[in-house]
Amino acid sequence: MTEPSAAAAGSPGEKATSDDGFIVFDQISKRFGKNVVLDDLSFSVGSGERVTLIGPSGSGKTTILRMLMTLTKPDSGRIRVGEDYLYHEQRNGELVSAGEQHIRKVRGRITMVFQQYNLFPNMRVLRNVTEAPVHVLGRSQDEAEERAKELLDMVGLGDKLRAYPSQLSGGQQQRVAIARALAMDPDILLLDEVTSALDPELAAEVLDVLRDVALSSDITMLCVTHAMKFARDVSHRVLMFDQGRIIEAAPPAEMFDDPKQERTRTFLESVLDET
Amino acid sequence: MSAGLWNYMFEGLLVTLQLTIFGAVLGLVFAFAAGLARLSGNKLLRGMGFAYTEAFRGLSALVVLFWLIFVLPTVFGVQLAPLFAGVLALALNIGAYGAEVVRGAVRAVPRSQIEAAIALNFTPWQRMRKVVLPQAVVAMIPSFSNNLIELLKATALVSVVFLSDLTFGAQLVRASTGNTAGTFGLLLVAYGLIALVFTTLMRLLERRAAASLGRTVPPGMIARIFRRTEASA
């Protein structure tokens, strides 16, 4: 099954983003026990580029995002973000394992939206969005609230400021999570299967919001998703993962309409069968 | 029973309440200190937390009290005020149980909450203070409620070292009136009532805490009784 209408929808290709090596994975390996999740992986992402990671589960896509977010440490290799290594720092001309200070500095450019939303249940919606800008970025309460309200309006939840997360639907919670992430003014936004826990209607709400964000900003985005239409609409490049390696990389139109690898073809067929 | 005898009981009641409340406050401090120490990345802190919890869970509060009242003065030359010694012995004991409650509740906060806090670049201490503890404390309250009642009942131990608490007062009354069943019956009811007051207060606290997570807890027994009376009136 193909989606002929998708090609007609706003293609992101107009604004060419070249790969200037903003994010670089250099020979990254990771194993959990005997299971090799990433196998000597190297790739890079340009600034402002939106990349979608696809592939069967367990192929290492989510691990990539978690490494960038410093939630999972690589066993070997280096990750660079802008001028800085994420897990290493220069000290006396030598590259050594980074301390908490250095990691926090680099991590400040990155944030993530999770599959299970992970809103803080002990904070109302507004405070979920303002807490980090105030206490991490040092914004004033007023400034943070003003910005939070703008963002919550944008995701269609301007009337839920006083609600607790437990009083919202999954789709609403995920939209708050998106507002919370954007409030940090990230250079890099990581989206980890953000609609996988939602039924199709709620997923559509969330994807609409993300499509607007993607197409109206220059945030670098790495996105793990099974929503192929969304991937086609917003990404500049799609990376196909299998068994801890990238087996194919291409712009979405090419990847989805004319995959070169047999493995990619069978994977795409299985995903499209589901939806 | 003469006014003087009632007075013994009343003053005893005050001592029992002081022991319970001060013991609970100090016990809470021990519980958080030891419970968080056991979760620390620092080996020494972890070890100290472990040693304290294991030691004082295993020790009889009464024997600890004997040490504080009788051994400290003779061997170390330190004389504690009797009420303070009572509070300390009880707090050391209940704090050890509380430490396990703290540890369990903190560990029960889902890892995904900490990951979300990392994604927002909170410092480790901010993660604990703003995200983990507010959620963990809500989970601690029902267990703390049990601990508080245990503590109340354990305060009766201090009468053995001649601290004039409620039980001590009752013994005086019994000795002077000879009415054993009546006095100890009254004592039984008195502890039961105090326990009921504490449970009700803790229940209120539990409801408020749950509300801080946007949840509601079904009303407790007392609230239901009140509601029924109001409805029928």
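Since we're looking at a predicted model, the values are computed, not measured.

With respect to the nonpolar core
- Within the largest apolar cluster, 55 residues are counted, with the highest numbers of intra-cluster contacts made by Leu65(B), Leu68(B), Val106(B) and Met140(B).
- Of all the elements, helix α4 (residues 82–108) of chain B adds the most residues to this core, at 13 residues.
- Listed in part, the 42 residues of the second largest apolar core include Ile79(A), Leu86(A), Val106(A) and Ile110(A).

Some details on the environment of Leu137(A)
All names here are of chain A.
- Within the element layout of this structure, Leu 137 appears in the loop between α4 (125–135) and α5 (141–154).
- Using a relative accessible area of 36% as the deciding quantity, one classes Leu 137 as partly exposed.
- Spatially, the C-alpha atom of Leu 137 lies 10.0 Å from that of Ala 183, the residues being 46 residues apart in sequence.

A few points about the pairing of strand β7 (residues 94–97) of chain A
- In terms of strand pairing, strand β6 (residues 88–91) of chain A meets β7(A) through four bridges, oriented antiparallel. Each residue of the ladder has a partner; that of Glu89(A), found in β7(A), is Val96(A).

Focus on the interface of chain A and chain B
- Contact residues are listed per partner, giving 27 residues for chain A and 22 residues for chain B.
- Both faces combined, the contact of chain A with chain B buries some 2,100 Å², and carbon together with sulfur accounts for 54% of it.
- Joining chain A to chain B, the criterion identifies three salt bridges.
- We note a salt bridge from Lys130(B) to Glu131(A), for which the minimum N-O separation is 2.9 Å.
- Counting only elements with at least two residues in the side of chain A that touches chain B, the list comes to α3 (100–107), β8 (110–113) and α4 of chain A.
- In the side of chain A that touches chain B, the residues fall into 13 nonpolar, eight polar and six charged.

Here we look at the sheet that holds strand β11 (residues 237–242) of chain A
All names here are of chain A.
- Spatial strand order, β8-β9-β10-β3-β11-β12: six strands in an open sheet with mixed pairing. The open sheet terminates on both sides in strands that have one partner only, identified here as β8 and β12 (245–250). Adjacent strand axes in the sheet meet at a mean angle of 20 degrees when their direction is disregarded.
- Bridging between strand β3 (residues 50–54) and strand β10 (residues 220–224) involves four bridges; their strand directions are parallel.

Examining the sheet that holds strand β4 (residues 76–81) of chain A
All names here are of chain A.
- Spatially, four strands are ordered β2-β1-β4-β5 in an open sheet, and the strand pairing comes out antiparallel. If you trace the sheet from one side to the other, it starts and ends with β2 (35–45) and β5 (84–85), each paired once.
- Looking at chain direction, strand β1 (residues 23–32) and β4 are connected through five bridges and run antiparallel. Looking at β4, one finds that Val 24 is bridged to Arg 80.
- Along the sheet face, helix α2 (residues 61–68) touches β1, β2 and β4 and points at about 115 degrees away from the line of β1.

Quick look at the packing of aromatic side chains
- Taken as a whole and judged by the stated rule, the model has six aromatic pairs over all chains.
- The interplanar angle of 20 degrees and the centroid separation of 4.8 Å between the aromatic rings of Phe25(A) and Phe43(A) together place this pair among those described as stacked. Highlighted residues: Phe25(A) in strand β1 and Phe43(A) in strand β2, separated in sequence by 18 residues. The same class applies to Phe25(A) as to Phe43(A), namely buried.
- When the centroid spacing of 6.5 Å and the interplanar angle of 55 degrees are considered together, the rings of Phe32(B) and Phe144(B) count as tilted. Taken together, the positions of Phe32(B) in helix α1 (residues 3–39) and Phe144(B) in helix α6 (residues 124–154) put the pair 112 residues apart, joining distant regions of the chain.
- Look at Phe32(B) and you get partly exposed, because its relative accessible area is 22%.
- With relative accessibility at 14%, the residue Phe144(B) sits in the buried group.
- What links up through ring pairs into an aromatic cluster is the set Phe30(B), Tyr52(B) and Phe56(B).
- Lying over the aromatic face of Phe120(A), Arg180(A) brings its terminal NZ or CZ to 4.6 Å of the ring centre.

Regarding the packing of α1(B) against helix α7 (residues 166–177) of chain B
Residue and element names in this part refer to chain B.
- Relative orientation of the contacting elements α1 and α7 amounts to 165 degrees, with a least axis distance of 7 Å. Comparing the axis directions of α1 and α7 gives the class roughly antiparallel. Seen from above, α1 lies across α7 with left-handed handedness. When α1 is examined against α7, the residues Leu 5, Tyr 8, Met 9, Gly 12, Leu 13 and Thr 16 are found in contact with a partner set consisting of Leu 166, Gly 169, Ala 170, Leu 172, Val 173, Ser 176 and Thr 177.
- When its residues are assigned to classes, the contact of α1 with α7 shows eight nonpolar, five polar and no charged.

Quick notes on the side chain of Gln135(B)
- With respect to the helices and strands, Gln135(B) occurs in helix α6.
- A residue is classified by how much of its surface remains accessible, and Gln135(B), at 11% relative accessible area, is buried.
- Polar contacts involving the side chain of Gln135(B) include one to the side chain of Gln113(B), which spans 2.8 Å.
- Ignoring sequence-local partners within four residues, the contact set of Gln135(B) consists of Pro121(A), Asn122(A), Val109(B), Gln113(B) and Leu213(B).

Notes on the environment of Gln167(A)
- Position of Gln167(A) among the secondary structure elements: in the loop between α5 and α6 (170–182).
- When the C-alpha positions of Gln167(A) and Pro121(A) are compared, they lie 9.8 Å apart, and in sequence the two are 46 residues distant.

Here's the deal with the confidence of the model for chain A
- Mean pLDDT for chain A: 89, with 93% of residues reaching 70 or above.
- Across residues 1–16 of chain A, confidence stays below pLDDT 50; counting only partners more than four residues off in sequence or on other chains, it has 18 contacts.

A few points about a nonpolar patch on the surface
- A contiguous nonpolar surface patch, about 510 Å² in accessible area, is contributed by Val63(B), Trp67(B), Val75(B), Phe76(B) and Val78(B).
- Counting through the fold element by element, Val75(B) comes out in helix α3 (residues 61–76).

Notes on the pattern of salt bridges
Residue and element names in this part refer to chain A.
- Evaluated as defined, the whole model comprises 28 salt bridges over all chains.
- Of the charged contacts in the structure, one is a salt bridge between Arg 139 and Asp 185, with a shortest N-O distance of 2.9 Å. Separated by 46 residues along the polypeptide, Arg 139 in the loop between α4 and α5 and Asp 185 in the loop between α6 and β9 (188–192) bring together distant segments of the chain.
- Using a relative accessible area of 39% as the deciding quantity, one classes Asp 185 as partly exposed.
- Among the salt bridges present, the one from Asp 185 reaches Arg 147, with a minimum N-O distance of 3.4 Å. Here the residue Asp 185 occupies a position in the loop between α6 and β9, and Arg 147 occupies one in helix α5, the gap between them amounting to 38 residues.

Conventions used here
Residues numbered from 1 in each chain as written. Chains lettered and ligands numbered in written order. Predicted model: local features only at pLDDT ≥ 70, side-chain atom pairs only at ≥ 80, totals over all residues. Heavy atoms only, no water. Core = buried A, V, L, I, M, F, W, Y, C linked by side-chain atoms within 4.5 Å. Buried < 20%, exposed > 50% of the residue type's maximum accessible area, 1.4 Å probe, protein only. Helix = DSSP H or I, 4+ residues; strand = E, 2+ residues; numbered from the N terminus. Pairing = 2+ DSSP bridges. Contact = heavy atoms within 4.5 Å. Buried area = accessible area lost by both parts, 1.4 Å probe. Salt bridge = Lys/Arg side-chain N within 4 Å of Asp/Glu carboxyl O. Nonpolar A, V, L, I, M, F, W, Y, C, P; charged D, E, K, R; others polar. Axes fitted to C-alpha atoms, helices over the stretch in contact; angles between N-to-C directions. Phe/Tyr/Trp six-rings, centres within 6.5 Å; stacked < 30°, edge-to-face > 60°. Lys NZ or Arg CZ within 6 Å of the ring centre and 35° of its normal. Parallel < 35°, antiparallel > 145°, perpendicular 65-115°, else oblique. Left-handed = near helix turned anticlockwise from the far one by under 90°. Polar contact = N/O pair within 3.5 Å; in protein donor to acceptor, adjacent residues only side chain to side chain. pLDDT = per-residue confidence, 0-100. Patch = residues over 30% accessible without salt bridge, like charges linked within 9 Å, V, L, I, M, F, W, Y side chains within 5 Å. Areas by Shrake-Rupley, 256 points an atom, 1.4 Å probe, with all protein chains shown as cover.

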